[in-house]
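Take a look at the letters that make up each chain.
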Amino acid sequence: MALTIVIRSGELTQPPAISFDTPRVVVGRGEGCDVRLPDLSVSHRHATFRQRGADYLVVDEGSTNGTFVASVRLPPQTPRVVRSGDVIRVGRIWLEARIEPVAPTQQSTLVTREIALGLVADALAADGEPATVRVRVRSGPDTGQELELAAFDRPYVIGRGRGVAFRLSDEDVSRRHVEITRRGDRILVKDLGSKNGATLDGDRIPEDRPVTWRKGATLALGNTELAAEDPVLAALGELERAADERMLEDESVEPPPTTADTAPAAAPRSPAEPIANATPPRPPRRAPALARRRGWQWSDTIVSLVALAVLGVSLAGLYWLLTLD
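Report on the accompanying structure. None of the values given here were measured: they were computed from a predicted structure.

1. So, the overall build of the chain
Along its length, the chain carries three helices and 22 strands. For the chain, the residues scored as buried account for 43% of the 325 residues in total. Across the chain, the fraction of contacts at a sequence separation of at least 24, relative to all contacts at a separation of at least 6, is 54%. Total accessible area on the chain is roughly 17300 Å²; 52% of this is exposed by carbon and sulfur atoms.

2. Some points on the sheet that holds strand E14 (residues 155–159)
Pairing between the strands of a sheet comes from backbone hydrogen bonds, and it takes one of two forms, parallel or antiparallel. Strand order in the open sheet formed by five strands is E15-E14-E16-E17-E20, with mixed pairing between adjacent strands. A strand with exactly one partner marks an edge of an open sheet, and here the two such strands are strand E15 (166–167) and strand E20 (211–212). As defined by bridge partners, E14 adjoins E15 across two bridges and the pair is classed as parallel. When the sheet's bridge partners are listed, Ile 158 is paired in E15 with Phe 166.

3. Regarding the sheet that holds strand E12 (residues 133–139)
Ordered in space as E13-E12-E22-E21-E18-E19, the six strands form an open sheet in which the pairing is antiparallel. Looking at which strands have only one partner, the edges of the open sheet turn out to be strand E13 (146–149) and strand E19 (203–204). Here four bridges tie E12 to E13, and the two strands are oriented antiparallel to one another. Bridging across to E13, Val 135 finds its partner in Leu 147.

4. Concerning the packing of aromatic side chains
The final tally for this structure, using the stated rule, is zero aromatic pairs. Stacked on the ring of Phe 68, the Lys or Arg Arg 89 has its end atom at 4.1 Å from the ring centre. Positioned above the aromatic ring of Trp 94 is the side chain of Arg 89, whose terminal nitrogen or guanidinium carbon lies 5.9 Å from the ring centre.

5. Looking at the environment of Ala 121
Along the chain, Ala 121 turns up in helix H1 (residues 108–126). Spatially, the C-alpha atoms of Ala 121 and Leu 236 are 9.1 Å apart, while their sequence positions differ by 115 residues. Contact partners of Ala 121, with chain neighbours within four places excluded, come to Ala 131 and Val 232.

6. Some points on the nonpolar core
Soluble globular proteins tend to bury their nonpolar side chains together. Judged by nonpolar contacts, the single largest core of 26 residues is most densely connected at Ile 5, Val 27, Leu 37, Phe 49, Val 90 and Leu 95. Listed by contribution, the elements that provide at least two residues to this core are strand E1 (2–7), strand E2 (17–20), strand E3 (24–28), strand E5 (47–52), strand E6 (55–60), strand E10 (87–90), strand E11 (93–100) and H1. Apart from the residues within four sequence positions on either side, Leu 37 is in contact with Ile 7, Val 27, Gly 28, Arg 29, Val 42, Val 90, Ile 93 and Leu 95. Counting 23 residues, the second largest nonpolar core, distinct from the first, contains Val 133, Phe 166, Ile 180 and Leu 219.

7. Describing the pattern of salt bridges
Applying the stated rule across the entire model yields 13 salt bridges. For Arg 92, the salt bridge identified is with Glu 251, shortest N-O distance 2.6 Å. Residue Arg 92 is located in the loop between E10 and E11, and its partner Glu 251 is located in the loop between helix H2 (231–241) and helix H3 (298–322); the two are separated by 159 residues in the primary sequence. Residues Arg 92 and Glu 251 agree in their burial class; the two are buried.

8. Description of the pairing of E11
Judged by how many residues are buried, E11 sits mostly within the fold: seven of eight residues are covered. Note: E1 against E11, six bridges, orientation antiparallel. What sits directly across from Val 6, in E11, is Glu 96. The pairing of E10 with E11 spans four bridges and is classified as antiparallel.

9. What to know about the pairing of E13
Side-chain alternation along E13 places Leu 147 and Leu 149 on a buried face and Glu 146 and Glu 148 on a face that remains uncovered. Between E12 and E13, which pair antiparallel one after the other, the connecting turn spans six residues, and Gly 140 there sits at a positive phi close to 125 degrees.

Conventions and cut-offs
- Residues numbered from 1 in each chain as written.
- Predicted model: local features only at pLDDT ≥ 70, side-chain atom pairs only at ≥ 80, totals over all residues.
- Heavy atoms only, no water.
- Helix = DSSP H or I, 4+ residues; strand = E, 2+ residues; numbered from the N terminus.
- Buried < 20%, exposed > 50% of the residue type's maximum accessible area, 1.4 Å probe, protein only.
- Contact = heavy atoms within 4.5 Å.
- Areas by Shrake-Rupley, 256 points an atom, 1.4 Å probe, with all protein chains shown as cover.
- Pairing = 2+ DSSP bridges.
- Phe/Tyr/Trp six-rings, centres within 6.5 Å; stacked < 30°, edge-to-face > 60°.
- Lys NZ or Arg CZ within 6 Å of the ring centre and 35° of its normal.
- Core = buried A, V, L, I, M, F, W, Y, C linked by side-chain atoms within 4.5 Å.
- Salt bridge = Lys/Arg side-chain N within 4 Å of Asp/Glu carboxyl O.

Structure representation (structure tokens):
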């Protein structure tokens, strides 16, 4: 039986899910975790699921904000048996554990990375911040112009001719110079037989196969230099490097609805189908609204009047005792 972990926080139309059939599954914010949750309330190594015979156990790994099964907080390093359908909270994030006869997710490391990137992208978009990869002209005749790589697996042609996705005015750039494709969290660059060639940080790009545009590398075409900017990848890196954010003692994190009240979890995706292409989930990195404190009610007024009356009687009794001969 495999362990399927479903991310259930927020208003998720298609909750992301990953299935495992391994002795240990690590949940946390760090890059090496099997389930990566980009939320500052989640510790870098927050909790683990462990196989013991036919059972699965959940263990808090000494996290800052604790691990809960429903409303019960687990003591650190104290295993608890997980039942299929249990909801588990790590920091602010709710997970659902399902123990079911399904095949494990292929390339789970890539899939969990894509889930994390998709969650961060949705969070940035909800905040009104840019969440799409952009190619920007760093130097050359068209300095400052940008190309947005919004679609996955779509080839974007850069050149001087008509009909290309990103048209440059540099006379040393060919009409169809290079082709750029966004695949997962990578950007691939291919030379289309340009007259003057193309380089990445001085390394010539071959014409027969695409190469990965390395993070921070400069793409040079003629007299034009291009830089790729991925705000989602940068934000994910910042979240993973940051310290834990301690939750408020009275912070309320409502549990998700039961499985029967929600759509089934999305089938595990291949690395070529990032979560960003699916219905975007609500961003988990933002704290849910705190439980609303009620305003002053009539019952509060009555309680206050009674308390004042009791206090007045007590003071009168004390005065009487003190004035006795």
